[in-house]
Amino acid sequence: MNNKINFYLARHGQTEWNLQRRIQGQLDSGLTQAGQQQASQLAVKCADLNITQILTSPLGRAVDTANICAQYLQLPVKQVVGFEERHFGDWQGKLVSEMKSNPNYVEITSQITDCQPNQGESAKQLLTRFQNTLIKQLEAFSDEINLIISHGDILRCFMAKWFAPEQQPQVHVGSTTASPVIPATSTGYDYKNAQLIALSYDIKTGTFSAL
């Protein structure tokens, strides 16, 4: 087993609900034409990264993104329970503009606490679920170089845990975007559709670092 395992994280392509600014959570909406193009561009970015396997959230928008990448890269796709987006409970399907008046909106969407939407997951629960699943998959496929297709709030929470906000925009592949101004109460960078992040997991220390 390799002590350090390199892998790549990416968010799914743009969806219809992304355009509408509607909270998806574990509900779903289809990729837009732009989202399909983003997935294709993601595949091209991955062509020289020696990726050998694609792991994906089982939600449709992630699976569709993974399948577009898989077709271009000629790689197998495995759906992984535990990589799903955060469950936003009663907020799912509602417009962001409808929920911004909720007194817990900023804490739920921009921090990592135990606060949660009614019938939904907290950011802490999401982070534990995703990280445990990720480590299990990486250790099970330690000889593979995985592309993992996941979701925006997962990336927000996971990257905030392991990287200071000013570091986050530099860890993904192929971007020249300048560091954004990040509010003190925020977890950090807003990960864009089909954005790619290059990381390494150290089995001995149980830590993650940027490639």
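Residues numbered from 1 in each chain as written. Predicted model: local features only at pLDDT ≥ 70, side-chain atom pairs only at ≥ 80, totals over all residues. Heavy atoms only, no water.

Draft legend 1. Representation of the overall build of the protein in the model. Helix and strand counts for the protein stand at 7 helices and 6 strands. Element order for the protein, N to C, with α for helix and β for strand: β-α-α-β-α-β-α-α-α-β-α-β-β. Residues classed as buried in the protein amount to 50% of the 211 residues present. In the protein, 72% of the contacts between residues at least 6 apart in sequence involve partners at least 24 apart. (Helix = DSSP H or I, 4+ residues; strand = E, 2+ residues; numbered from the N terminus. Buried < 20%, exposed > 50% of the residue type's maximum accessible area, 1.4 Å probe, protein only. Contact = heavy atoms within 4.5 Å.)

Draft legend 2. Looking closely at the nonpolar core. One finds Phe7, Leu9, Leu134 and Phe158 to be the most contacted residues of the largest nonpolar core, which totals 26 residues. Looking at this core, the elements that each hand over two or more residues are strand 1 (4-11), helix 6 (123-140), helix 7 (152-162) and strand 5 (196-202). Among the elements that make up this core, the one with the highest residue count is helix 6 (7 residues). When residues no more than four places from it in sequence are discounted, the contact partners of Phe158 are Leu9, Leu127, Phe130, Gln131, Leu134, Leu199 and Phe208. Counting 19 residues, the second-largest nonpolar core is a separate cluster that includes Ala10, Leu42, Leu73 and Leu196. (Core = buried A, V, L, I, M, F, W, Y, C linked by side-chain atoms within 4.5 Å.)

Draft legend 3. Fine view of the environment of Gly120. Topologically, Gly120 is positioned in the loop between helix 5 (105-110) and helix 6. Among the residues examined, Gly120 registers a relative accessible area of 12% and is labelled buried. As for Gly120 and Phe88, which are separated by 32 residues in sequence, their C-alpha atoms are 4.6 Å apart. Residues within four places of Gly120 in sequence aside, it is in contact with His87, Phe88, Gly89 and Gln125.

Draft legend 4. Fine view of the packing of helix 6 against helix 7. As a packed pair, helix 6 and helix 7 sit with axes 9 Å apart at the nearest point and diverge in direction by 80°. Judged on the interaxial angle alone, helix 7 and helix 6 are roughly perpendicular. Where helix 6 approaches helix 7, its residues Ala123, Leu126, Leu127, Phe130, Gln131 and Leu134 are matched on the opposing element by Asp153, Ile154, Arg156, Cys157, Phe158, Lys161 and Trp162. Residues that form the contact of helix 6 with helix 7 fall into these classes: 9 nonpolar, 1 polar and 3 charged. (Axes fitted to C-alpha atoms, helices over the stretch in contact; angles between N-to-C directions. Parallel < 35°, antiparallel > 145°, perpendicular 65-115°, else oblique. Nonpolar A, V, L, I, M, F, W, Y, C, P; charged D, E, K, R; others polar.)

Draft legend 5. Inspection of the side chain of Thr113 at higher detail. Relative to the assigned elements, Thr113 resides in the loop between helix 5 and helix 6. Residues contacting Thr113, with those up to four places away along its chain left out, are Glu107, Ser122, Ala123 and Lys124.

Draft legend 6. Local environment of the pairing of strand 5. Counting buried positions along strand 5 yields 7 of 7 residues, so the element is predominantly enclosed. Side chains Leu196, Ala198, Ser200 and Asp202 of strand 5 all project onto a buried face; the interleaved residues Ile197, Leu199 and Tyr201 project onto the opposite face, where all are buried too. Pairing geometry for strand 5 and strand 6 (residues 207-210), over 4 bridges, is antiparallel. For Leu199, the partnering residue across the bridge sits in strand 6 and is Ala210. (Pairing = 2+ DSSP bridges.)

Draft legend 7. Quick peek at the packing of aromatic side chains. Within the structure shown, the criterion is met by 7 aromatic pairs. Feature note: the residues Phe7, Phe83, Phe130, Phe158, Trp162, Tyr201 and Phe208 constitute an aromatic cluster, connected by ring pairs. Positioned above the aromatic ring of Trp17, the side-chain terminus of Arg22 is 5.9 Å from the ring centre. (Phe/Tyr/Trp six-rings, centres within 6.5 Å; stacked < 30°, edge-to-face > 60°. Lys NZ or Arg CZ within 6 Å of the ring centre and 35° of its normal.)

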